[in-house]
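# Descriptive analysis of the structure
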Amino acid sequence: MLKLNMGSNGQPIKMQEITSPTIYLDLCALMDIVIKSNYRDKFKAVLFNKKGTLLFSWIHILELSDVTDKEQLKSYVSFLDSLIENLGFIDVLPAAVIAKENKKLQGDNNVNPPMDERLFSFFDTVIMNTKSIKPLSFDWLLTNLNHPVIIEYKKVFHLKFNSYLAESQEKKKRDKKYESRIKIVAKGANLPVATRYIEDDILKSFLREGKELSPNSWRDFYHTVVPVAYCDYVLLDGCFANKAKSTIDRLRRNNYTAPMARVFTKIDEFFVDLENYRLN
């Protein structure tokens, strides 16, 4: 949850606190909920009742920067503002999250692997620069979608994904042992969080299929890996929901026991399960 506290010097301090159930929706799912009043009202009621957290990422911002319908953007921002105290920022770059997980495994308890401190800082800085009258607000999205940081991040996410796939596809062609490893689940320690194994298996699925990817597959990839590793609920498009479910099944069959999200592609089924959620 995003909170505004007062520091000892009297200055406001923005903080985030994540509470379960944690929910991650790709942009299409989120927009479906935003534009349909019955879904929108129901989502708010359930989220508030369960005291859960809707997680927001750089990928949402990057996709919003391509939206040209100003009224649609306003609806999106209004919806986020209505949930402001039940929002959090999640880091969806698997490599960055895994690096933080490694620090935590080495005993550094000051790191919180899934939390995106850079996005939280960007949120804070942009609000201060725009002198928003609301201390916690997403109004800045309406005027900052061409911010240099957003343009830079769009390139970073896209290039990281494409370069990995290109390198892996070349390796597959020249290395028969690597080609055989693509068919099996990675072996490793049964860690408390399965981020690295989820990433590995989903990337292998692209190579196993050998299909040409859509230009925006990288966005769905980042919507999937870390959210599945850290959230209670993830709502994705059909293709990536199926990929995620297949990966979870493969990891479970190979005795990986880390918690992983309940993955949905149909909003009605997602709501039924969420309404029955009970904190363990």
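You'll find the structure just up there.
Read on for a plain summary of the structure. (Residues numbered from 1 in each chain as written. Predicted model: local features only at pLDDT ≥ 70, side-chain atom pairs only at ≥ 80, totals over all residues. Heavy atoms only, no water.)

### Regarding the pattern of salt bridges
Short version of the rule: By definition here, a salt bridge exists when the distance from a side-chain nitrogen of Lys or Arg to a carboxyl oxygen of Asp or Glu is within 4 Å. Each helix is a run of H or I in the DSSP string that is no shorter than four residues. Each strand is a run of E no shorter than two, and both are numbered from the N terminus. Accessible area is worked out with a 1.4 Å probe on protein chains only. A residue is then buried under 20% of its type maximum, exposed over 50%, and partly exposed in between.
Inspection of every chain in the model, using the stated rule, returns nine salt bridges. Between Arg 196 and Glu 101 there is a salt bridge, with the nearest N and O atoms lying 3.4 Å from each other. With a gap of 95 residues between them, Arg 196 in helix α9 (residues 195–209) and Glu 101 in helix α5 (residues 94–105) connect regions that are remote in the sequence. The class of Glu 101 is buried, set by a relative accessible area of 6%.

### As for the sheet that holds strand β7 (residues 262–264)
Selection criterion: Whether two strands pair depends on DSSP finding at least two bridges between them. Axes here mean lines fitted to C-alpha atoms, for a helix over just the part in contact, with angles spanning 0 to 180 degrees between N-to-C directions. Contacts: residue pairs with any heavy atoms within 4.5 Å of one another.
A sheet is described by the order of its strands in space; here five strands give the open sequence β5-β4-β3-β6-β7, paired in parallel fashion. A single partner strand is all that each edge strand has here, and the edge strands are β5 (87–89) and β7. When the angles between neighbouring strand axes are averaged without regard to direction, this sheet yields 25°. In the sheet, strand β6 (residues 233–235) pairs with β7 via three bridges, with the strands oriented parallel. Paired with Leu 235 across the strands is Phe 264, a residue of β7. Against the sheet, helix α1 (residues 27–35) engages β3 (22–25), β4 (53–56) and β6, with an angle of about 100° to β3.

### So, the packing of α1 against helix α4 (residues 70–82)
The line we're drawing: Orientation categories follow fixed angle ranges, with anything under 35 degrees roughly parallel, anything over 145 roughly antiparallel, 65 to 115 roughly perpendicular, and all other angles oblique. By the convention adopted, Pro, Cys, Tyr, Trp, Phe, Met, Ile, Leu, Val and Ala count as nonpolar, Lys, Arg, Asp and Glu as charged, and the other residues, Gly among them, as polar.
Direction vectors running N to C along α1 and α4 enclose 85°, while the axes themselves pass 10 Å from each other. Relative to α4, the element α1 is oriented roughly perpendicular. When α1 is examined against α4, the residues Leu 27, Leu 30, Met 31, Ile 33 and Val 34 are found in contact with a partner set consisting of Gln 72, Ser 75, Tyr 76 and Phe 79. A class-by-class count of the residues in the contact of α1 with α4 yields seven nonpolar, two polar and no charged.

### Details of the pairing of β4
Burial along β4 is two-sided: the residues Thr 53 and Leu 55 and Leu 54 and Phe 56 are all buried. Pairing analysis gives three bridges linking β3 to β4, with the strands arranged parallel. Looking at β4, one finds that Tyr 24 is bridged to Leu 55. As paired strands, β4 and β5 are joined by three bridges and run parallel to one another. Note on β5: the bridge partner recorded for Leu 55 is Gly 88.

### What to know about the environment of Asp 66
Relative to the assigned elements, Asp 66 resides in the loop between α3 (58–64) and α4. Its relative accessible area of 41% is what places Asp 66 among the partly exposed residues. Spatially, the C-alpha atoms of Asp 66 and Asn 146 are 9.6 Å apart, while their sequence positions differ by 80 residues. Among residues more than four places away in sequence, those in contact with Asp 66 are Lys 154 and Arg 219.

### Some remarks on unusual backbone geometry
Backbone torsion omega between Ser 20 and Pro 21 reads 0°, so that peptide bond is classified as cis. The topology assignment puts Pro 21 in the loop between β2 (12–16) and β3. Located in the positive-phi region is Lys 51, a residue other than glycine, with phi close to 60°. Assignment of secondary structure puts Lys 51 in the loop between α2 (37–50) and β4. We classify Lys 51 as exposed; its relative accessible area is 55%. Even without glycine at this site, Asn 255 takes up a positive phi of about 70°. Along the chain, Asn 255 falls in the loop between α11 (238–253) and β7. Judged by relative accessible area, which is 59%, Asn 255 ranks as exposed.

### Topic: the side chain of Lys 243
You can see Lys 243 is positioned in helix α11. The exposure class of Lys 243 is buried, given its relative accessible area of 8%.

### As for the packing of helix α10 (residues 217–230) against α11
Note the threshold: Two helices cross in a left-handed way if the nearer one is turned anticlockwise from the farther one by less than a right angle. They cross in a right-handed way if the turn is clockwise.
Interhelical geometry of α10 versus α11 gives an angle of 40° and a closest axis separation of 10 Å. Handedness of the α10/α11 crossing: right-handed. Residue-level contacts link Ser 217, Asp 220, Phe 221, Thr 224 and Val 228 of α10 to Phe 240, Ala 244 and Ile 248 of α11. Looking at side-chain class alone, the contact of α10 with α11 contains five nonpolar, two polar and one charged residues.

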